[in-house]
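Residues per chain are reported as follows:
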2 protein chains.
Amino acid sequence: MNLFIQHAAYLLRDADRVERDCDLLVQNQRIAAVGHDLAVPPGTEVIDAQGCAVIPGLINAHTHLYQNFLKGMADGLPLVPWCEATLFPMVGVIHHLYRVEQDERAGYYWSLLGALEMIRGGTTCCMDMDISMESIFRAWQDVGLRGVAAITLSNHWLPPELLIPDAILKAEALDYTARWHNPDGLVRIALGPSTPFLCDEALLTWTRDTARAYDLAVHIHVAETAGEVTESLEEKGLRPAQYLDRLGLLGPRVSAVHCVHIVEEETAALAASGATVVHCPKSNMKLADGAAPVPALMQAGVPVALGTDGCASNDLLDMWEEMRAAVLLARVSAGDAAALSAADVFRMATEHGARACGLDAGTLDVGRLADIAIVDLSGPHLRPVHDIVKTLVYCARAADVRDTIINGRVVMREREVTTVDEAALVKEADAVGQELYTRAQQSAMWRV
Amino acid sequence: MNLFIQHAAYLLRDADRVERDCDLLVQNQRIAAVGHDLAVPPGTEVIDAQGCAVIPGLINAHTHLYQNFLKGMADGLPLVPWCEATLFPMVGVIHHLYRVEQDERAGYYWSLLGALEMIRGGTTCCMDMDISMESIFRAWQDVGLRGVAAITLSNHWLPPELLIPDAILKAEALDYTARWHNPDGLVRIALGPSTPFLCDEALLTWTRDTARAYDLAVHIHVAETAGEVTESLEEKGLRPAQYLDRLGLLGPRVSAVHCVHIVEEETAALAASGATVVHCPKSNMKLADGAAPVPALMQAGVPVALGTDGCASNDLLDMWEEMRAAVLLARVSAGDAAALSAADVFRMATEHGARACGLDAGTLDVGRLADIAIVDLSGPHLRPVHDIVKTLVYCARAADVRDTIINGRVVMREREVTTVDEAALVKEADAVGQELYTRAQQSAMWRV
């Protein structure tokens, strides 16, 4: 099915290249033409974009969708107690369900909630470090969301109830890769060693070698808290990013999430390696982690992408609020009202996100994947428009997204999800989420 | 017209008192009953609130609606250059239009945009420090928004083009009070001496005496930037809040906006006086002002309300994002993940806002003004609900508000504004805003 988007009031090829009254043609899942007064090929579905901004789909470069079942909870705690009090018991319940009872329903439903929330806000792809199971990928396919599954790898420091033998972790990662990794489809596989302190060195070097062998992206949390840095220095004599650098685990296919507590040498190592950093400002604020040095990273040439993190520390998957949070945190923490611009942060949420996910997307250029959001500019909170990039970044909200197109397919049209029965599935997901939360609260690990 | 809200899934009398499956009766603009299985009086309009949360309307305790015409602009600058580069030229154009050409249209339209944006997000009242003109009040009445007009008073430091003689300022303030101040209606008048450094001492003492004589609220910016404090110490030998305290300008009818750069003695003086502080986290972050000591103020017993500030430094009038910003800024700036709770910030946006505005509202108790928002909880980003206060504060968005009731009148029903032809008026407002912005850009004062 081909698609023709007509008469966009604004079309942003990227943050710097804005067209007025512009058309866009999609053929075979990719952008085939962008221009003024294009002809509509016969048999092409037409979407009118008068009064709208047509933009590259937003890319949520870091989340944990299972945390959708913990929305609003796990509140008022810093990272480690936050994990121990609420997340680990929930992970424990999920592991039991999945590995003992062989019940994958939960993964389907948490991913469904996340996928619906994201497509409703014009997010067309996410990097999800999850409790991996195939039902997650089925939910993405059903909703029509593009996703990169960073298969969680961790074998260290975790409570014994949550440890999975290395052999199983590795076998499953290779199995997911063989059966699901498909750069032409909606699902890609990446390797997700949780953090340097949750993996032993053997698992990290296996990750490095496997990623190279299979040409996979690597996604890893780095230096989210100050405590992590202290421990790393004590145990390894190196700061977290330096340690990864020594192991050969930085590189162009690597995205390092958070990087709140990094120093100049680490920034330089990240830049030299070609790695991407993923910034999660709302999560870093809510957990009181601190402010990542985003302007310094960008100045050093490190592409910085943007992620919402999971719903236990945000608690939205809303890239519009996340863009604003990035600007606001950068400015107040630097004491500099010019610390990060609207265009910078738009680039983070699109082009740099595409880089983190290894996607041929993130701008509206011919040949790119047709992952597109159409934003209705008619709301009173968006008028008047003086500078479209600033209006989008500072004023637009998820509910202003009217249509979402992923891989050339219209997955939301006029704010109606076209792919699944949203209301019915949200009810089912809600019931499963409540059930799991109750089980987690009743588990021996629960400490709230 | 009486109103009956039926079967609310959740009804929040306030952040601590949550009812399930609850009804609420409105009679004569006030809440007449709250309870379970109430009888519907004959001839009463019924609103079904199944699957919804019924909450006190949110109160935006600080804004400047004229800045709606500057959305997205005035970016990347700290307070003083921000005023000089963009705001002052716009104010100059508006002054000329209003005072020379005697054209009040602009005030109507910027207030209309703001009023529509606010009621769409469940905000039922704002404190607006504006370029005062009567068309503003007419817009509030047409849309059905409750508003407190803090009549701007300033006679110092401003560029000469913007100075208005004291005699005129004072006469206008008294005239607005005589003709528009109506605690039983939608419009109230307050006195708004801009800041201690934009008013000479005579104007401040006149404000104090006039507020007492007419029982008016006083609304004033205090210690937004570090520079202001330095100047105050140099010129007056006192910090800004200390100076106001010495003049007798702190008290229970006073709301002090920002208070970013205050010290313990000022917090104590504010607490002793009974004044309210209005916190504007997004604006303070965007202009890189810093973080107000909200937890310390609350601990000292100062009621802290919440405001969006004007659209040149936010650029939304969205109290949902503002609540989240307050939590996030408090936590990251204190390095304490428990620094401010969801319940704290909900109270800021409701009860404490009512106090700043001098309103008998802010909770859903019998006898209070019927200013109410009904939030649809069906969206995928809101499920599952484990703790309704946390779900509302961390996950709910303006577009989740389904119905808004102000002074007992349904001003938005099922997301349709009932009071005005929204689409037509937004178009008119947009054209006027564009015209003024163009005139401001062409003015001799423009420096962007």
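Residues numbered from 1 in each chain as written. Chains lettered and ligands numbered in written order. Predicted model: local features only at pLDDT ≥ 70, side-chain atom pairs only at ≥ 80, totals over all residues.

> Which parts of the structure should I look at to understand the overall build of chain A?
Looking only at helices and strands, chain A has 15 helices and 17 strands in total. The C-alpha radius of gyration computed for chain A amounts to 21 Å, which stays within 12% of the reference 22 Å derived for 448 residues, consistent with globular compactness. The dimensions of chain A, computed from C-alpha atoms along their principal axes, are 60 × 45 × 40 Å. Taken over 448 residues, chain A has a buried fraction of 61%. Taking the intrachain contacts of chain A between residues at least 6 apart in sequence as the baseline, contacts between residues at least 24 apart amount to 73%. (Helix = DSSP H or I, 4+ residues; strand = E, 2+ residues; numbered from the N terminus. Rg over C-alpha atoms; globule rule 2.2 N^0.38 Å. Buried ≥ 20, exposed ≤ 12 C-beta atoms within 10 Å, placed from the backbone. Contact = placed C-beta atoms within 7 Å.)

> So what exactly am I meant to see when it comes to the packing of helix H11 (residues 319–334) of chain A against helix H12 (residues 342–349) of chain A here?
If you want to describe how two helices pack, look at the angle between their axes and the distance between the axes. Residues and elements named next belong to chain A. Relative orientation of the contacting elements H11 and H12 amounts to 135°, with a least axis distance of 10 Å. Considering the angle they form, H11 stands oblique to H12. Handedness of the crossing formed by H11 with H12: right-handed. Only Ala342, Val345, Phe346, Met348 and Ala349 of H12 make contact with H11, whose side of the interface consists of Met319, Met323, Ala326 and Val327. Here the contact of H11 with H12 is composed, by residue class, of nine nonpolar, no polar and no charged. (Axes fitted to C-alpha atoms, helices over the stretch in contact; angles between N-to-C directions. Parallel < 35°, antiparallel > 145°, perpendicular 65-115°, else oblique. Left-handed = near helix turned anticlockwise from the far one by under 90°. Nonpolar A, V, L, I, M, F, W, Y, C, P; charged D, E, K, R; others polar.)

> Could you clarify how one ought to interpret the domain arrangement of chain A in this entry?
Interface size is commonly expressed as the accessible area that is lost once the parts come together. All names here are of chain A. Along its sequence, chain A is carved into domain 1 (3–57 + 368–417) and domain 2 (58–67 + 113–357). Contacts between the two partners involve 24 residues from domain 1 and, on the opposite side, 26 residues from domain 2. Listing elements by their share of the side of domain 1 that touches domain 2, those giving two or more residues are strand E14 (372–376), helix H14 (388–395), strand E15 (401–406) and strand E16 (409–413). With five residues, H14 is the largest single contributor of residues to the side of domain 1 that touches domain 2. Class assignment of the residues belonging to the side of domain 1 that touches domain 2 gives a composition of 15 nonpolar, three polar and six charged. (Domains from an automatic or database assignment.)

> Explanation requested: helix H2 (residues 105–120) of chain A in the structure shown.
Since one α-helical turn is 3.6 residues long, residues separated by three or four positions face the same way. All names here are of chain A. Under the 1.5 Å per step criterion, the end-to-end length of H2 is 23 Å for 16 residues, consistent within 8% with the ideal 22 Å. Of all 16 residues in H2, 15 are buried, a share of seventy percent or more. The positive-phi residue at the C-terminal boundary of H2 is glycine 122, with phi of around 80°. (Expected span 1.5 Å × (residues − 1).)

> Which parts of the structure should I look at to understand the packing of helix H1 (residues 79–100) of chain A against helix H15 (residues 422–442) of chain A?
Residue and element names in this part refer to chain A. Two elements in contact, H1 and H15, have axes separated by 8 Å at closest approach and are oriented at 115°. Accordingly, the angle class assigned to the pair H1 and H15 is roughly perpendicular. The way H1 lies across H15 gives a crossing that is right-handed. Where H1 abuts H15, its residues Pro89, Met90, Val93 and Ile94 lie against Leu436, Arg439 and Ala440. Partitioned by chemical class, the residues of the contact of H1 with H15 number six nonpolar, no polar and one charged.

> Which parts of the structure should I look at to understand the environment of A:Leu25?
Residues and elements named next belong to chain A. Secondary-structure assignment places leucine 25 in strand E2 (residues 18–27). Sequence separation between leucine 25 and leucine 38 is 13 residues; the distance between their C-alpha atoms is 8.3 Å. Once residues lying within four places of it in the same chain are set aside, the contact partners of leucine 25 are Phe4, Ala32, Ala33 and Leu38.

> How should I be thinking about unusual backbone geometry in this particular structure?
Peptide bonds are mostly trans, and most non-glycine residues show a negative phi. Looking along the chain, the bond that leaves A:Arg383 and enters A:Pro384 is cis, with omega of -15°. Of note, A:Pro384 is situated in the loop between E14 and H14. Within the chain, A:Ala223 stands out as a residue other than glycine whose phi angle is a positive 55°. Position of A:Ala223 relative to the elements: it lies in the loop between strand E10 (217–222) and helix H6 (226–236). The exposure class of A:Ala223 is buried, given the 26 C-beta atoms found within 10 Å. Phi is positive for B:Trp157, close to 75°, though the residue is something other than glycine. Mapped onto the secondary structure, B:Trp157 falls in the loop between strand E8 (146–153) and helix H4 (166–180). On the neighbour-count criterion, B:Trp157 (15 C-beta atoms within 10 Å) is partly exposed.

> Mind showing me how you'd approach the sheet that holds strand E10 (residues 217–222) of chain B here?
The strands making up a sheet associate through hydrogen bonds between their backbones, and the pairing can be parallel or antiparallel. All names here are of chain B. Spatially, eight strands are ordered E6-E7-E8-E9-E10-E11-E12-E13 in an open sheet, and the strand pairing comes out parallel. Taken across any chain shown, the strands that pair with only one partner, and hence form the sheet edges, are strand E6 (58–63) and strand E13 (304–306). The mean angle between the axes of side-by-side strands here comes to 25°, regardless of whether they run parallel or antiparallel. Pairing geometry for E6 and strand E7 (residues 123–130), over four bridges, is parallel. Residue threonine 63 lies in a different strand from E7, and its bridge partner there is aspartate 128. Along the sheet, helix H5 (residues 201–214) makes contact with E8, strand E9 (187–193) and E10, crossing E9 at roughly 150°. The sheet strands contacting helix H11 (residues 319–334) are E6, E7, strand E12 (276–279) and E13, and the helix crosses E13 at an angle near 135°. (Pairing = 2+ DSSP bridges.)

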